[in-house]
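# Architecture and fold: a report
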Amino acid sequence: MKDWRYWLAEQRGTLLAFGIFIVMFAIYSGNHPAGFTANVVQTAANKGVLLAFVAMAQTLVVITAGIDLSVGMIFTLTNCMASWLVIGTGLETAFGVLAVLGTGLVCGAVNGAIVIYGRLQPIVATIATGAVFFGLALLLRPVPGGSVNEDLADFLTGRFFGVVPASLVALLVIVLVVWVPFSRSEFGRAAYAAGSSETAAYMSGVPIRRGKFLAYTLAGLLAAIGGLFLTFFTYTGEAAYASGNAYTLFSIAAVVLGGVSLFGGKGSAIGAIFGALAFRTIGDLLFVFDFDPLWQPLFQGVILLIAVSLGAFALFRVRNRLEWFL
Amino acid sequence: MDGAAPLFRMEGISKRYGGVRALEKADLTVTAGGIHAILGENGAGKSTLIKVMAGVVAPDEGTMTLDGREVSFASPAAANQAGIVCIFQELSLIPELSVADNIVISDPPKRFGMIDRKAQRRIAEEALARAGASDIHPCALVKDLPLSRRQMVEIAKALARKPRILILDEATSALTAADVAKVFEVLKRLRSEGLALLYISHRMNEIAELADHCTVFRNGRNVASYPAGSKSDNEVVELMIGREYSHIFPPKPGPTAAATTVLEARNLSWADRLDNISLSVKAGEVVGLGGLDGQGQRELLLAFFGVLRGLSGEILIDGKPVSIASPTAASHGRIGMALIPEDRKTEGLMLPMTVRENLSFAALDRLSKGGIIDRAAEQRLIDDMVGLLAIKTAGLDIPVGALSGGNQQKVVIAKWLMRQPRIILLNDPTRGIDVGTKQELYQLMRKLADAGAAILFYSTDYDELIGCCDRVLVLYDGAVKRELVGAEITEHALIASALNIHGEGAGPKQGVGA
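These numbers come from a predicted model, not from an experiment.

Cut-offs applied
Residues numbered from 1 in each chain as written. Chains lettered and ligands numbered in written order. Predicted model: local features only at pLDDT ≥ 70, side-chain atom pairs only at ≥ 80, totals over all residues. Helix = DSSP H or I, 4+ residues; strand = E, 2+ residues; numbered from the N terminus. Buried ≥ 20, exposed ≤ 12 C-beta atoms within 10 Å, placed from the backbone. Contact = placed C-beta atoms within 7 Å. Pairing = 2+ DSSP bridges. Axes fitted to C-alpha atoms, helices over the stretch in contact; angles between N-to-C directions. Expected span 1.5 Å × (residues − 1). Arc of directions from axis to C-beta. Domains from an automatic or database assignment. Core = buried A, V, L, I, M, F, W, Y, C linked by C-beta atoms within 7 Å. pLDDT = per-residue confidence, 0-100. Nonpolar A, V, L, I, M, F, W, Y, C, P; charged D, E, K, R; others polar. Parallel < 35°, antiparallel > 145°, perpendicular 65-115°, else oblique.

## A few points about the overall build of chain A
- From N to C terminus, chain A includes 14 helices and 2 strands.
- Its C-alpha atoms give chain A principal-axis dimensions of roughly 60 × 50 × 35 Å.
- Among the 326 residues that make up chain A, the fraction classed as buried is 49%.
- A separation threshold of at least 6 residues defines the contact pool for chain A, and within that pool the share at least 24 residues apart is 76%.

As structure tokens, then:
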């Protein structure tokens, strides 16, 4: 086989997610009353990017064969923090941004430390820390409110050159600064290795613990970037329990749509980003068709099931039934 | 070779797991530029010994010296650093990563803090070429490779680490004859380059071809150490088991005349793994499946047990064609088939569940009335089985994972015997269990056959096939190449036909070296 075929096989999940997104978005913008305009794209991008950041965070942890049920709460907590801190002069705002991102890193590091060094199951550990993070968010913002540096917010949610959504550019920058170095570093590979077969990774002398710790920590950072952007879009902070939980669950759906294996060791954050964008578009499809919004969750669920099933077709070709369970 | 200063020395190494002694004051001396064979039965302590060397487990007592300096390894990474690299049986490859990723995994080349993919590719290609496996593409995912290719990747991966001491633990067990020959070339070249090689294998002919020096382990101790070629195979086997070999097998009843054929296959083929297989097993007969590992034996058993889809050919039970759609169908009703799987930990047992629950799983339908389990009937049957197989357990309600390997295997067998199967398929059931338990299993197998069961028995251990079977079918590349009956079943015949060598004159040594 030629090199490009191996590359294609490796990127299959990502390409499938990209394909689903393109189809969904074509249907969406084709039926939108305003059509495919810069405005429509900007609005869609701003909504999609939030979930994309949280889904990237989830990807890092899922690659290690873990799961992070606190991402949505880190997202909520950092939103509340940003509504206090990202305000004032340029210097003050910069300090606020750093503090918010730092908080995300610490939250992720706490998750990592509990899972790796405390040897707790990721599900239980992150349910618990998620509750703690939400509790902190509630203390910061018992009622919705606060404000944000609107110049910065408008800059990052607006358009460059009148057409390119700034939030998409920001997403691209984060991919280049966080995901690409991570996935190509020794620790990134350790995270994949640990997710695929922890015993084999250990026997091979792979730095499993550092790889996993970095994955959890960066996941916290990415969720915090998401929280920051939420503040830029809403201009306020809100400790919304339902929204935090929804982001956690949607991030898992986005990750699966993006071809990342929940068993670990396989997939890419790029796929998860397209998964997130596709998921958001599915959610918005109903509006352009003028259906009753009551139908939205049901419709979204059905489309999600169909999309996820695309990946399961390979099972029909299995000839040894034992491979069903692998 | 005694004149050379030892490169590595282990003295008085002991290791206990729970109450079980795996190593008891074991010694080993390794010199550079030599191939040192380690022999011994399963459970003799060989694998624990190399795990200690490779930093996987820490010894309870004893010292290790490398270049005359005392060393201890906290992890496999530390042992690698010191130049000790172990090739485990496909244990250390990461399935979702590519071949190149795997080869450089412990120390990837870096540029600006990121992995340098070009350099990685170059290293991988070099290492594959050095291992004589340039046919493997560095971008292929390990999980997509067949077992024999994975094993070659393991070897390439070890070589890429530039070891001083290379340990091969049954590294050739999954290889085809052509690969074995290639690997031997590589090992001999490494020896001439001054590496120390530790070679662990059950194949006497491989050891005869390769080794300079041999050490035999038994019950966790090194019982003999001698230059290769100074002892006959029989002497070596006696050293390994500590008594005469023939006694551990029960006597065979000899050919039975009028028994009826219970299990029959006609022209069975599946994918590219099974090729037109026809065979029959009579009531009261033990039929062996021989050949090198991975020649389709496992698939054949799975085919009978209803696991494979898209099978062509016919399966007949009591002379009537049947179609078996699942393990449930195979074990129920008039078919009455049982499969003792190869990997008891994943396919045979639910390790965290209790001995009682594990024993009942396969027979739950027989033990329940209207969907409710009849506890009293269950208890009676379990008591029978624990007695029949002499399962040593601290109680029926402890997790089955806490039992020793031999007793776990007895639980797997007992679980199927609770259904009183008429056809018993065994997939290498004695792998990793001690000689004593093996002996009990051989006797049990013969007892079941005498009671009228038809037994199809796959083993990677030639002596077992010789000692237990009335007939042996030798598989090669998915097809039955030869049938050996009664006195024809000899080690020589088994090996020759396993390697698919024609003619009586071809000895195993020429066969492997060719």
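Further notes follow.
## Notes on the sheet that holds strand β24 (residues 479–485) of chain B
Residues and elements named next belong to chain B.
- Spatial strand order, β18-β21-β22-β15-β23-β24: 6 strands in an open sheet with mixed pairing. Looking at strand neighbours, the two that pair on one side only are β18 (337–340) and β24, the edges of this open sheet. Taking each pair of neighbouring strands and ignoring which way they run, the sheet shows an average axis angle of 20 degrees.
- Where strand β15 (residues 286–290) and strand β22 (residues 454–458) come together, 4 bridges link them in parallel fashion.

## Examining helix α14 (residues 375–389) of chain B
Residues and elements named next belong to chain B.
- With 15 residues, α14 extends 21 Å from end C-alpha to end C-alpha; this agrees with the ideal 21 Å at 1.5 Å per step.
- For α14, the set of buried residues is E378, L381, I382 and M385. Within α14, the buried residues cover an arc of 100 degrees as seen down the axis, which keeps them to one side. Looking at α14, the residues exposed on the side facing more than 90 degrees away from the buried face are A376, R380, D383 and G387.
- Packed against the buried residues of α14 are α12 (355–360), α13 (364–367), β20 (372–373) and α15 (405–417).
- Downstream of α14 by one or two residues, A390 has phi in the positive range, about 50 degrees.

## Section: the domain arrangement of chain B
- Taken domain by domain, chain B consists of domain 1 (8–244), domain 2 (260–336 + 421–514) and domain 3 (349–419).
- On a C-alpha basis, the centres of domain 1 of chain B and domain 2 of chain B stand 31 Å from each other.

## Thoughts on the nonpolar core
- Of all hydrophobic cores here, the largest spans 171 residues; its most connected members are A:F53, A:I273 and B:A156.
- Ranked by the residues each element gives to this core, the list is headed by helix α11 (residues 208–234) of chain A, at 16 residues.
- Grouped together as the second largest cluster of nonpolar side chains are 80 residues, B:I335, B:V355, B:L456 and B:C469 included.

## A look at the pairing of strand β6 (residues 84–87) of chain B
Residue and element names in this part refer to chain B.
- Taking every second residue as pointing to the same face, both faces of β6 are buried, with I84 and C86 on one and V85 and I87 on the other.
- Sheet topology places β6 next to strand β9 (residues 165–169); 4 bridges connect them, and they run parallel. Bridge pairing in β9 links I87 to L168.

## Considerations on the confidence of the model for chain B
- Chain-level pLDDT for chain B is 84 on average; 91% of the residues reach the 70-or-more range.
- Contacts of residues 503–514 of chain B to residues separated by more than four positions or lying in other chains number 22 contacts, the stretch itself having pLDDT below 50.

## What to know about unusual backbone geometry
- The backbone of A:Y235 shows a phi angle near 65 degrees, a positive value even though the residue is not glycine.
- With respect to the helices and strands, the residue A:Y235 is situated in the loop between α11 and α12 (241–257).
- Of the residues examined, A:Y235 has 14 C-beta atoms within 10 Å and is grouped as partly exposed.
- The backbone phi angle of B:D67 is positive, close to 55 degrees, even though this residue is not glycine.
- When you line up the elements, B:D67 lands in the loop between β4 (61–66) and β5 (69–71).

## Considerations on the environment of B:A394
All names here are of chain B.
- Relative to the helices and strands, A394 resides in the loop between α14 and α15.
- Exposure remark for A394: the 9 C-beta atoms within 10 Å place this residue in the exposed category.
- Considering only alpha carbons, one finds A394 and V355, 39 residues apart in sequence, at a separation of 9.9 Å.

## Quick word on the interface of chain A and chain B
- Of the residues lining the interface, 26 residues belong to chain A; the matching set on chain B comes to 30 residues.
- Within the residue set of the side of chain A that touches chain B, elements represented by two or more residues are α1 (3–10), α8 (166–184), α9 (186–196) and α10 (198–203) of chain A.
- Residue classes in the side of chain A that touches chain B are distributed as 11 nonpolar, 8 polar and 7 charged.

## Concerning the packing of α8(A) against α11(A)
Residue and element names in this part refer to chain A.
- The contact between α8 and α11 brings their axes to 12 Å, and the two run at 175 degrees. With respect to α11, the axis of α8 lies roughly antiparallel. In contact with S167, I174, V178 and F182 of α8, α11 contributes L218, L221, L222, I225 and F229.
- Classifying every residue of the contact of α8 with α11 by side-chain character gives 8 nonpolar, 1 polar and no charged.

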